[in-house]
Amino acid sequence: MTALTTEQIAEVTADNVGIWNRCAATYTEVFGPLTGAAADVLLDLAGVGQGTALVDIGTGPGTLIEPARKRGAAITAIDLSPAMVEQARIQHPGLDIRVGDASTLPYPDDSFDAVTLGFCLHHTAHPTAVLSEAKRVLRPGGRLSLAVWAPADQLEAFGLAFTAIGESIPPADAPTAQPPVIGNCPADYQRLLNEAGFSQATARTMDLTWDLVDGSTIFDGFDRYLDLTNQPETTRNTIRRRLDQLIDERRGRDGLARLANPAILAGARAT
């Protein structure tokens, strides 16, 4: 894992705010069915149940909040994006949901029984600092879980998006705002958690699919994610038509294209 400079960390952080502010309005409908499929496993790994004091880091619009609430957890949440926090507050009124940076959490030491990091660690500019903060706010014996996407060559759904976009937009013109890759396999994340001072670290791949009827959902998600609004309308229409074609080629008899998009899920205990 390549460490970023202070200037690079600031740039990635600012880019993340812009990305997720753009995605906030439709994230629940677009990406929610995909990321939400990992919710129960993440909560199980973090040991979330009745009375668990949970902080959900990188909560987005609160994908994990309702499943955790149904388990009887006492939920706190935080996200870097003000627009995401606004969506989470609308969907889950009355909870402590704050705007904040996961690398400098605004909570005292030993505040929580559980920490969840659902599909956010790989976007952060300083993942080791995030894990250090997560460990700091966990009580001794508390549990952490995280989910990240599997390597890009395994992500059929995201691969189709980048294929359609790359055919119409030269690579030099395509926005890029991603930090260096943290790991490529479950063992990398198990090692990362051990190095961060956690114990009993485990990690595995979880099969997820993005079930689509046409290209509209994937287009909306990546249009916002990559900020393609400044592209000519003819280019945007070409991308959308190409996505429709790619999805149509993969639809089954029930009308759905079930696109593989696996994740790596990991968990560990604070000492």
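See the structure above.
Reference entry: report on the structure contained in this document. (Residues numbered from 1 in each chain as written. Predicted model: local features only at pLDDT ≥ 70, side-chain atom pairs only at ≥ 80, totals over all residues. Heavy atoms only, no water.)

**Topic: unusual backbone geometry**
Put simply, the test is: To qualify as a helix, a DSSP run of H or I must reach at least 4 residues; to qualify as a strand, a run of E must reach at least 2; elements of each kind are numbered from the N terminus. Buried means the residue's accessible area, taken with a 1.4 Å probe over protein chains only, is under 20% of the maximum for its type, while exposed means over 50%, and partly exposed covers the values in between.
Although it is not a glycine, Asp110 sits at a positive phi angle of roughly 55 degrees. Mapped onto the elements, Asp110 comes out in the loop between β3 (96-99) and β4 (112-118). Taking relative accessible area as the criterion, Asp110 reaches 42% and is therefore assigned partly exposed. The backbone of Phe119 shows a phi angle near 55 degrees, a positive value even though the residue is not glycine. With respect to the element layout, Phe119 can be found in the loop between β4 and α7 (127-137).

**A word on the pairing of strand β2 (residues 74-79)**
Convention followed: Following DSSP output, two strands are said to pair if at least two bridges run between them. When the strands point away from the viewer and the connection leading from the first strand across the helix to the second strand turns clockwise, the crossover is called right-handed.
Of all six residues in β2, five are buried; the element is thus mostly enclosed. Sheet topology note: the strand β1 (residues 53-57)/β2 ladder contains five bridges and is parallel. Bridge pairing in β2 links Val55 to Thr76. Regarding the hand of the β-α-β motif, the stretch spanning β1, helix α5 (residues 65-70) and β2 is right-handed. For β2 and β3, the ladder comprises four bridges, and the chain directions are parallel.

**What to know about the pattern of salt bridges**
Operational definition: Each salt bridge in this description consists of a side-chain nitrogen of Lys or Arg and a carboxyl oxygen of Asp or Glu lying within 4 Å of one another.
In this structure the tally under the stated criterion is 18 salt bridges. Salt bridges sharing common partners tie together Asp40, Asp44 and Arg71.

**Some points on the packing of helix α1 (residues 6-23) against helix α6 (residues 82-91)**
The line we're drawing: For helices, the fitted line uses only the C-alpha atoms of the stretch in contact; every axis is such a line through C-alpha atoms, and the angle between N-to-C directions lies from 0 to 180 degrees. Any pair of residues with heavy atoms lying within 4.5 Å of one another is described as a contacting pair.
The interhelical angle for the contact between α1 and α6, taken along N-to-C directions, is 35 degrees, at an axis separation of 7 Å. For the pair formed by α1 and α6, the contact residues are Val17, Trp20, Asn21 and Cys23 on the first element and Pro82, Ala83 and Met84 on the second.

**Things to note about the side chain of Arg236**
Using the following cut-off: Think of a polar contact as two N or O atoms within 3.5 Å of one another; within protein, one of them needs to be a possible hydrogen donor and the other a possible acceptor, and neighboring residues in sequence only count if both atoms come from side chains.
Note that Arg236 resides in helix α11 (residues 233-249). A polar atom in the side chain of Arg236 sits 2.5 Å from the side chain of Asp223. Once you skip the residues sitting within four places of it in the chain, Arg236 turns out to touch Phe219, Asp223, Leu228, Thr229 and Gln231.

**A closer look at the packing of aromatic side chains**
Centre-to-centre distance and the angle between the planes together describe a pair of aromatic rings. To be explicit about the condition: Ring geometry is summarised as follows: Phe, Tyr and Trp rings, the Trp one being its six-membered ring, pair when their centres sit within 6.5 Å, and such pairs are stacked at plane angles under 30 degrees, edge-to-face over 60 and tilted between the two.
Following the criterion strictly, the structure yields 13 aromatic pairs and no others. Seen in terms of ring centroids, Phe31 and Phe158 are 6.5 Å apart; in terms of plane orientation they differ by 90 degrees. Their pairing is edge-to-face. Of the two residues, Phe31 sits in the loop between α2 (27-30) and α3 (32-35) while Phe158 sits in helix α8 (residues 156-168), which places them 127 residues apart along the sequence. One exposure class covers both Phe31 and Phe158, and it is buried. With 6.1 Å between their ring centres and 75 degrees between their planes, Phe31 and Phe222 make a pair best called edge-to-face. On the criterion of sequence distance, the pair formed by Phe31 in the loop between α2 and α3 and Phe222 in helix α10 (residues 216-225) is long-range, its members being 191 residues apart. Judged by its relative accessible area of 7%, Phe31 is buried. On the accessibility criterion, Phe222 (4% relative accessible area) is buried. Site record: aromatic cluster; members linked through ring pairs are Trp20, Tyr27, Phe31, Phe119, Trp149, Phe158, Phe162, Trp210, Phe222 and Tyr225.

So far we have only geometry, and geometry alone does not tell us how the molecule works.
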